[in-house]
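Okay, here's what each chain looks like letter by letter:
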Amino acid sequence: MAMNGGEQDTMPAVALFRSLAEPARLAIVSRLAAGEARVVDLTRHLGLAQSTVSKHLSCLHDCRLVDFRAEGRQSYYRLTRPELIELLRSAERVLAETGNAVALCPVYGDPVPAAGEAS
């Protein structure tokens, strides 16, 4: 991604961050950063339905962020790009350095209840 401000240059990065913006996909990528896993491992770890995990793995596979190897009837998923782990670590550092201020962002953060509303 060239950082010269051209919209065309940023579109692949936008697609990458969108692929990671869904909480279940980000959780899958975070889990796979620790090593390969089967769908059953991911469903147990994340507490999600098998169909949900499979759908998100398919998306991540289409984006070429994960791949799998078959062993008998099992498929073992893994990250395809080790750089993705460093990207996640960098994001954690940015969040830590900004005091997680992005969570309070009125556009992208968690909604803040108005005065008098239950949280």
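Structure's up top.
Residues numbered from 1 in each chain as written. Predicted model: local features only at pLDDT ≥ 70, side-chain atom pairs only at ≥ 80, totals over all residues. Heavy atoms only, no water.

1. With respect to the packing of aromatic side chains
The condition is simple: Classification of ring pairs rests on two measures: the distance between centres of Phe, Tyr or Trp rings, Trp counted by its six-membered ring, which must be within 6.5 Å, and the angle between planes, read as stacked under 30 degrees, edge-to-face over 60 and tilted in between. Buried, partly exposed and exposed residues are distinguished by accessible area as a fraction of the type maximum, computed with a 1.4 Å probe on protein chains only: under 20%, between the cut-offs, and over 50%, respectively. For a lysine, the NZ atom is tested; for an arginine, the CZ atom; a charge sits over a ring if that atom is within 6 Å of the ring centre and within 35 degrees of the ring normal.
Applying the stated criterion across every chain yields a total of one aromatic pair. Arranged with centres 5.4 Å apart and planes meeting at 45°, the rings of phenylalanine 68 and tyrosine 77 form a pair that is tilted. Judged by relative accessible area, which is 13%, tyrosine 77 ranks as buried. Over the aromatic face of tyrosine 76 sits the side chain of arginine 69, whose NZ or CZ is 4.5 Å from the ring centroid.

2. Overview of the nonpolar core
Within soluble globular proteins, side chains that are nonpolar tend to cluster in buried spots. Rules: Here, nonpolar core means buried Ala, Val, Leu, Ile, Met, Phe, Trp, Tyr and Cys residues that are tied together by side-chain atoms lying within 4.5 Å of each other. In what follows, residue pairs with any heavy atoms lying within 4.5 Å of each other are defined as contacts.
Grouped together as the largest cluster of nonpolar side chains are 17 residues, with contacts concentrated most on Ile28, Val29, Leu32, Leu42, Leu57, Val66 and Leu79. In this structure leucine 32 touches Ala37, Leu42, Leu57, Val66, Tyr77, Arg78 and Leu79, once residues within four positions along its chain are discounted.

3. A closer look at the layout of surface pockets
Definition in use: Buriedness for pockets is judged along seven lines, at least five of which must meet protein on both sides within 12 Å for an open set on the 1 Å grid over protein atoms alone, while cavities are sets there where a 1.4 Å probe fits but cannot get out, and lining residues have an atom within 4 Å of a point. Grid points are joined across faces, edges and corners, and a volume is the space filled by probe spheres set on the points. Only DSSP runs of H or I covering at least 4 residues are called helices, and only runs of E covering at least 2 are called strands; the numbering of each starts at the N terminus.
Put simply, the largest pocket is a space of about 710 Å³. Lining the largest pocket we find 21 residues, and of these Leu20, Leu26, Ala91, Leu95 and Val102 sit closest to its centre. Among the secondary structure elements, those contributing two or more residues to the lining of the largest pocket are helix H1 (7-21), helix H2 (23-32) and helix H5 (83-97). Per element, the largest residue contribution to the lining of the largest pocket is eight residues, and it comes from H5.

4. Notes on the pairing of strand E1 (residues 66-71)
So the rule is basically this: Strand pairing follows a simple DSSP-based rule, namely that at least 2 bridges must link the two strands.
Pairing of E1 with strand E2 (residues 74-79) involves six bridges; the strand directions are antiparallel. Within E2, the position partnered with alanine 70 by the bridge is serine 75. The hairpin formed by E1 and E2 contains two residues between the paired strands, and glycine 72 there has a positive phi angle of roughly 65°.

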